[in-house]
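Per-entry structural report
Here is how the chains run, residue by residue.
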Amino acid sequence: MKAPLPQPPMALLAELTHRCPLKCPYCSNPLDLERASAEMNTDDWKRLLDQAAAIGVLQVHFSGGEPLARRDLVDLVRHAAQLELYSNIITSGVMLTDKVMAALVEAGVDHVQLSFQDSETASAEIIGGYAGAQEKKMAAAARITAAGLPLTTNFVIHRLNADRVADMIALGERLASSRIEIAHTQYYGWGLLNRSALLPTREQLDHATKVVEAARIRLKGAVTIDYVVPDYYAARPKACMGGWGRRFINISPSGKALPCHAAETLPGVTFPSVRETSLADIWNHSEAFKMFRGTDWMPDLCRTCDRREIDWGGCRCQALALTGDAAATDPACELSPDHAVMARAVEDAGPQANWKARA
Ligand code: SF4
Ligand code: FES
């Protein structure tokens, strides 16, 4: 008997470009950035959106890099709206002018997620490597809410700014956000490269958690606060991407279909291209998406654990980066024989003069 097909992905993350005017030291793009000349063209992206709608995808997140660096973003948003896909733009906001905002609204955008590097201007602009960014972001937030769109403000926190979580939440409130994301840095790619400089102390983490918990009570019913904690202090891992090949599909600028943004770090795995293979085929039948889907691939420790369908064994890319084996139990799990690598990384972290940022 044939195995049943998986549920379709709920959301497609369209990484339109790796180009970006900012240079954050925790950038989620791969270390080996794809060039502008390799990016898919407008027709490729539209064809992909058609296929996504046809297989039952509900949401498309236009991301990057900076999606506004693509001249055809308005066109792509319009196409998504015509297909009745819910569209979200994930942006740094520094390119969101009045004219672009008006065009996006006319095209039918549903939501904007705006990133801030800090609540404090000087620190934000050092972290993002872009002088004048904070003022542009404030103006972008005002444009988004004036247009009547729901705004999510996103703050990535780490050792250098974690003490200002209360100010970040206050800034998110002042900007009339409907949702505020306080997300500790995730340590893949650039974040892993700069981990020693970015990992917060246990005291910083505990303080940030207390501030978030109090704000959640105070803002209940008015503003939603999402909070992502660093795996390095966790007892159990997160369900990375909601489980490999279960809910999300990432498309790189050149059209590679990936189960997560760091998947290309897995050695010896060929990720199919949406330029050559249909999205349905990739999702339902490609080896890359089947590789860690479900529970059959799991080591005994996970396969016999009652959390196996809660965290899906954690993160494959983190398991690879920290143990050398993508099929190992995520070392963020206290039960993993490799859990001590997390504590060692915390011990090694400390203030650093420099970090490496994308050029
Ligand atoms: Fe999750 Fe595996 Fe740890 Fe169980 S043993 S909590 S399934 S990572
Ligand atoms: Fe790849 Fe978690 S980032 S599985």
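Residues numbered from 1 in each chain as written. Chains lettered and ligands numbered in written order. Predicted model: local features only at pLDDT ≥ 70, side-chain atom pairs only at ≥ 80, totals over all residues. Heavy atoms only, no water.

Helix and strand counts for the protein come out as 14 helices and nine strands. For the protein, the C-alpha radius of gyration of 20 Å lies close to 21 Å, the compact-globule estimate for 359 residues. With respect to the principal axes defined by its C-alpha atoms, the protein has extents near 55 × 50 × 40 Å. Taking all contacts inside the protein whose residues are at least 6 apart in sequence as the whole, residues at least 24 apart take part in 71%. In the structure as shown, the protein presents an accessible area of about 15900 Å², 52% of it carried by carbon and sulfur atoms. (Helix = DSSP H or I, 4+ residues; strand = E, 2+ residues; numbered from the N terminus. Rg over C-alpha atoms; globule rule 2.2 N^0.38 Å. Contact = heavy atoms within 4.5 Å. Areas by Shrake-Rupley, 256 points an atom, 1.4 Å probe, with all protein chains shown as cover.)

We now examine the site of ligand 1. Taken together, the residues surrounding ligand 1 are Arg 236, Pro 237, Leu 301, Cys 302, Cys 305, Arg 307, Arg 308, Asp 311, Gly 313, Thr 329, Cys 333 and Leu 335. Considering only residue class, the shell around ligand 1 consists of six nonpolar, two polar and four charged. (Near = heavy atom within 4 Å. Nonpolar A, V, L, I, M, F, W, Y, C, P; charged D, E, K, R; others polar.)

Taking burial as the measure, the five residues of strand β1 (residues 11-15) include four buried ones, the bulk of the element. Inspection of the sheet shows β1 paired to strand β2 (residues 59-63) by five bridges, in the parallel sense. Paired with Leu 12 across the two strands is Val 60, which belongs to β2. In this fold, the crossover linking β1 to β2 by way of helix α1 (residues 42-55) has right-handed handedness. Alignment of β1 against strand β8 (residues 248-251), held across four bridges, turns out to be parallel. (Buried < 20%, exposed > 50% of the residue type's maximum accessible area, 1.4 Å probe, protein only. Pairing = 2+ DSSP bridges. Right-handed = clockwise from strand over helix to strand, strands pointing away.)

For the coordinates displayed, the defined rule picks out five aromatic pairs. Aromatic side chains Trp 283 and Phe 289 sit 5.6 Å apart centroid to centroid with 55° between the ring planes, which places their arrangement in the tilted category. Given a relative accessible area of 0%, Phe 289 falls into the buried group. With a centroid separation of 5.2 Å and an interplanar angle of 80°, the aromatic rings of Phe 292 and Trp 297 are classed as edge-to-face. Overall, Trp 297 belongs to the buried group, its relative accessible area being 14%. These aromatic residues form a ring-pair network of at least three members: Trp 244, Phe 292 and Trp 297. (Phe/Tyr/Trp six-rings, centres within 6.5 Å; stacked < 30°, edge-to-face > 60°.)

Its place among the elements puts Asp 43 in helix α1. By relative accessible area, which is 55% here, Asp 43 ends up exposed. Separated by 122 residues in sequence, Asp 43 and Val 165 have C-alpha atoms that sit 42 Å apart.

Using the criterion set out here, one finds 20 salt bridges in the structure. Glu 39 is paired through a salt bridge with Arg 19; the nearest N and O atoms lie 2.9 Å apart. Placement of the pair is Glu 39 in the loop between β1 and α1 and Arg 19 in the loop between β1 and α1, with a sequence separation of 20 residues. On the accessibility criterion, Arg 19 (33% relative accessible area) is partly exposed. (Salt bridge = Lys/Arg side-chain N within 4 Å of Asp/Glu carboxyl O.)

Moving on, we come to the nonpolar core. Core analysis: the largest hydrophobic core is formed by 77 residues, its most contacted members being Leu 12, Phe 62, Ile 169, Ile 182, Ile 249 and Ile 251. With five residues, the single largest contributor to this core is helix α9 (residues 202-218). Contact partners of Ile 169, with chain neighbours within four places excluded, come to Ile 180, Ile 182, Val 211, Val 212, Ala 215, Arg 218, Leu 219 and Ile 225. Cys 24, Tyr 187, Leu 198 and Ala 332 belong to the second largest nonpolar core, which has 18 residues in total. (Core = buried A, V, L, I, M, F, W, Y, C linked by side-chain atoms within 4.5 Å.)

With that settled, the discussion passes to the sheet that holds strand β9 (residues 257-258). Pairing in this open sheet of nine strands is mixed, and the strands run β7-β6-β5-β4-β3-β2-β1-β8-β9 from one edge to the other. Edge positions in the sheet fall to β7 (224-228) and β9, since each of these pairs with one other strand and no more. Across the sheet, α1 is in contact with β1, β2 and β8; its angle to β1 comes to roughly 170°. (Axes fitted to C-alpha atoms, helices over the stretch in contact; angles between N-to-C directions.)

Residues Met 101, Leu 104 and Ala 107 constitute the buried set of helix α3 (residues 98-107). With its buried residues spanning 130° around the axis, α3 presents them on a single face. In α3, the exposed positions that point more than 90 degrees away from the buried face belong to Asp 98, Lys 99 and Glu 106. The inward-facing, buried residues of α3 contact α2 (73-82), β3 (86-91) and α5 (133-146). Directly after α3, the chain includes Gly 108, whose backbone phi takes a positive value near 105°. (Arc of directions from axis to C-beta.)

Attention shifts here to the side chain of Asp 44. Among the secondary structure elements, Asp 44 is positioned in helix α1. For Asp 44, the side chain forms a polar contact with the side chain of Arg 47, separated by 3.0 Å. (Polar contact = N/O pair within 3.5 Å; in protein donor to acceptor, adjacent residues only side chain to side chain.)

Turning to the packing of helix α6 (residues 165-174) against α9, a few remarks are in order. Two elements in contact, α6 and α9, have axes separated by 9 Å at closest approach and are oriented at 30°. Here α9 runs roughly parallel to α6, going by the angle between their axes. Residue-level inspection shows Val 165, Ala 166, Ile 169 and Glu 173 of α6 in contact with α9, the latter providing Ala 208, Val 211, Val 212, Ala 215 and Arg 218. Grouping the constituent residues of the contact of α6 with α9 by class yields seven nonpolar, no polar and two charged. (Parallel < 35°, antiparallel > 145°, perpendicular 65-115°, else oblique.)

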